[in-house]
Amino acid sequence: MDVLVSTNQNIGQYYMAMRPFSDGAFPATNNITTGILQYTNSDVGGLNNSTITLPLMNDVNAAYNFTARIKNSNVTQNPPLNVPTDIDRRVSIAIATNNNGEDFPLNPPVYNYTGELTGFPPGTSLGTRAVVLNYGEAVEIVLQATNFGAGGGHPIHLHGFSFYWVGTGIGNFNNITDPMSYNLVDPPLINTIQVGRGGWVALRFFADNPGVWFMHCHYERHSSFGMDTVFIVRNGTTVGTSIRPPPASGMPRCPGT
Ligand SMILES: [Cu+2]
């Protein structure tokens, strides 16, 4: 993360402090890391790091309240403002691996994702599950995490696009009330999002990059479990909005073949 700081406080020295956040059952190293921001012409010394207090490592509310304050300071394009429900892609992370067939399930089975899931059969199976999008389509994805097992959150990465991160919450996503909390004014434009254990995030983007694009948890182990899918974006109606054809001479061969 890159940050900009306005040095508009009294001349002096200030701690920058951080500690890990972990929402899984496996604790991370709980060290507090500090740095010192020192204004020119300020006195050296006098800081006492015993005065630093930070939220506990597993304080989910503190983490959500912090990330909800991250805004886009360079808005050059609005996110899709109205996404028709018939092209609304809702994805349950837990469900993404659950079905066989050709198409990704756009309406996953509904259950209490964040309830008591001990003994809940993940039911994973092999399958090829892709989402096909028309060029320029406005897309919304809701990623719903569960409380299943002992793991924490998931860093979900999308190739081919940056998306607007328009919403975040704890618990089960509510299709009626949660969209009212979306930030459609200055949402961050990013390509990786952390979905907290037992929480959800809402993303929007325009499918304006034709091709085949992988979306996956960036824990490679989770991706190998099936926590991934593919977006196939069809060509547009012009050369400039279509994938270039292979060269007339054929595709170049790898050296040695
Ligand atoms: Cu994951």
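Keep in mind it's a predicted model, so treat the numbers as computed, not measured.

Cut-offs used in this document
- Residues numbered from 1 in each chain as written.
- Predicted model: local features only at pLDDT ≥ 70, side-chain atom pairs only at ≥ 80, totals over all residues.
- Heavy atoms only, no water.
- Helix = DSSP H or I, 4+ residues; strand = E, 2+ residues; numbered from the N terminus.
- Buried < 20%, exposed > 50% of the residue type's maximum accessible area, 1.4 Å probe, protein only.
- Contact = heavy atoms within 4.5 Å.
- Areas by Shrake-Rupley, 256 points an atom, 1.4 Å probe, with all protein chains shown as cover.
- Phe/Tyr/Trp six-rings, centres within 6.5 Å; stacked < 30°, edge-to-face > 60°.
- Donors = N, O, S within 2.8 Å, 3.2 Å for Na, K, Ca; no water.
- Core = buried A, V, L, I, M, F, W, Y, C linked by side-chain atoms within 4.5 Å.

K.L.:
I'd like to hear about the overall build of the chain, residue by residue, with values.
P.N.:
Broken down by element type, the chain carries 2 helices and 12 strands. Secondary structure elements of the chain, listed N to C terminal, follow the sequence β-β-α-β-β-β-β-β-β-β-β-β-α-β. For the chain, buried positions account for 36% of its 257 residues. At a minimum sequence separation of 6, the contacts of the chain that also span at least 24 residues come to 78%. Here the chain displays about 15900 Å² of accessible surface, and carbon together with sulfur accounts for 55% of that area.

K.L.:
Quick rundown of the packing of aromatic side chains? Include the residues and the values.
P.N.:
Summed over the entire model, instances satisfying the criterion amount to 6 aromatic pairs. Ring-pair connections join several aromatic residues into one group, and the members of that group are Phe-161, Phe-205, Trp-213 and Phe-231.

K.L.:
Can you explain the coordination of the copper ion? Please cite residues and give values.
P.N.:
For a metal with four tetrahedral donors the ideal donor-metal-donor angle is 109.5 degrees, while six octahedral donors give ideal angles of 90 or 180 degrees. Every protein donor of the copper ion is accounted for by His-154 (ND1), Cys-217 (SG) and His-222 (ND1), and the metal-donor separations fall at 2.0 to 2.1 Å. Here the donor residues for the copper ion map to a single chain with the spacing H-x62-C-x4-H. Of this pair, His-154 sits in strand E6 (residues 154-158) while His-222 sits in helix H2 (residues 220-225); the two residues are 68 residues apart in sequence, bridging distant segments of the chain. Among the residues examined, His-154 registers a relative accessible area of 10% and is labelled buried. Residue class for His-222 comes out buried when judged on its relative accessible area of 14%.

K.L.:
Hey, could you go over the nonpolar core for me, with residue numbers and the actual values?
P.N.:
Nonpolar side chains in soluble globular proteins tend to be buried together. Counting residues in each nonpolar core, the largest one holds 23 residues, and the members touching the most others are Leu-133, Leu-143, Ile-193 and Phe-205. Of all elements in the fold, only strand E4 (130-133), strand E5 (138-144), E6, strand E7 (163-170), strand E9 (192-195), strand E10 (199-206), strand E11 (211-217) and strand E12 (228-233) reach the threshold of two or more residues within this core. Discounting residues that sit within four places of it in the chain, Ile-193 has contacts with Leu-143, His-154, Pro-155, Ile-156, Phe-163, Trp-165, Val-201 and Leu-203. Counting 7 residues, the second largest nonpolar core, distinct from the first, contains Tyr-164, Val-166, Phe-173 and Tyr-182.

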